[in-house]
Amino acid sequence: MSKSENDLARENLGLVHACCRRFSGKGIEYEELYSAGCLGLAKAVNRFDESLGCRFSTYAFPVIMGELKQLFRGGGSVKVSRSLRELSLKISRINNENRLKSGRDLTVSELSEALGTGEEMIAQALACSRPVVPLSETDGEGEERRVEIPSPDIQYEITERLTLYQAVESLGADDRKIIVLRYFKNRTQVQTARLMNMTQVQVCRREKKILLILRSRLY
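These figures come from a predicted structure and were not determined experimentally.

Concerning the overall build of the chain
Along the backbone of the chain there are eleven helices and two strands. The secondary structure elements of the chain, listed N-terminal to C-terminal, are α-α-α-α-α-α-α-β-β-α-α-α-α. Evaluated residue by residue, the chain yields a buried proportion of 35% over its 219 residues. Counting contacts in the chain only where the partners sit at least 6 residues apart, residues at least 24 apart contribute 60% of the total. A total accessible area of about 13500 Å² is found for the chain, and carbon and sulfur atoms account for 50% of it.

A short note on helix α3 (residues 30-47)
A rise of 1.5 Å per residue sets the reference length of α3, with its 18 residues, at 26 Å; its end C-alpha atoms lie 26 Å apart and thus fit the reference within 8%. Of all 18 residues making up α3, 13 are buried, and the element is well covered by its neighbours.

Topic: the nonpolar core
Within the largest apolar cluster, 24 residues are counted, with the highest numbers of intra-cluster contacts made by C19, L33, L41, F56, I64 and L68. Taken together, the elements giving at least two residues each to this core come down to α2 (13-21), α3 and α4 (56-73). The element contributing the most residues to this core is α4, with eight residues. With residues up to four places along the chain from it excluded, the contact list for C19 reads F61, I64, M65 and L68.

Some thoughts on the side chain of H17
Summarising the element assignment, H17 is placed in helix α2. With relative accessibility at 8%, the residue H17 sits in the buried group. For H17, the side chain forms a polar contact with the side chain of Y30, separated by 2.8 Å.

Regarding the packing of aromatic side chains
Within the structure shown, the criterion is met by two aromatic pairs. The interplanar angle of 85° and the centroid separation of 5.3 Å between the aromatic rings of F48 and F56 together place this pair among those described as edge-to-face. Note on F48 and Y59: the rings are 5.6 Å apart at their centroids and 50° apart in plane angle, and the pair reads as tilted. Here the residue F48 occupies a position in the loop between α3 and α4, and Y59 occupies one in helix α4, the gap between them amounting to eleven residues. One aromatic cluster is present, formed by F48, F56 and Y59 through successive ring pairs. For the cation-ring pair, R182 lies above Y183, with the distance from its terminal atom to the ring centre recorded as 5.5 Å.

The rules behind each value
Residues numbered from 1 in each chain as written. Predicted model: local features only at pLDDT ≥ 70, side-chain atom pairs only at ≥ 80, totals over all residues. Heavy atoms only, no water. Helix = DSSP H or I, 4+ residues; strand = E, 2+ residues; numbered from the N terminus. Buried < 20%, exposed > 50% of the residue type's maximum accessible area, 1.4 Å probe, protein only. Contact = heavy atoms within 4.5 Å. Areas by Shrake-Rupley, 256 points an atom, 1.4 Å probe, with all protein chains shown as cover. Expected span 1.5 Å × (residues − 1). Core = buried A, V, L, I, M, F, W, Y, C linked by side-chain atoms within 4.5 Å. Polar contact = N/O pair within 3.5 Å; in protein donor to acceptor, adjacent residues only side chain to side chain. Phe/Tyr/Trp six-rings, centres within 6.5 Å; stacked < 30°, edge-to-face > 60°. Lys NZ or Arg CZ within 6 Å of the ring centre and 35° of its normal.

See below:
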């Protein structure tokens, strides 16, 4: 993964924990839930397109949840195919060689080109090669105790964002474009007016009406 992709994944590990907690205590160990959640996060990072006009966490949430649900449908284990394990070993070898030459790992796109494999498969192989973080440890007396991993409780924020995104999607095309430009892409009213072939005053008036519509649908 490129540096930005790595940062995106690292910053959203709390989202993985939030999704996993929804399935905690339902028959599958947390370690397996977390592994499946990380695989979903890797897929979301690989597929995310900023032009969608939504935040990454809003896009990643259903992808991660889908991977967790698939885990239950598959009998409660994260199955890694032989081909994926072999691909993971090839990636490790190439990265080791490149680290010696340039001091860095190859990006997903560079690995895809070097191995002639799709970027999604590369992302999956990278995800399955990550070691599982143990959630228990043994103390000095040989007693096992659970390790608590602090993570922000962002389930409420996720729900709010999804509700907002759905409300924006329900708008007409022009109204939706105004909101996306103003609040998702941080364009000024003047810039928005230019892109929409409107005057700044027209954008201002229309924006106020749209916000009233969104408030009525959200509250």
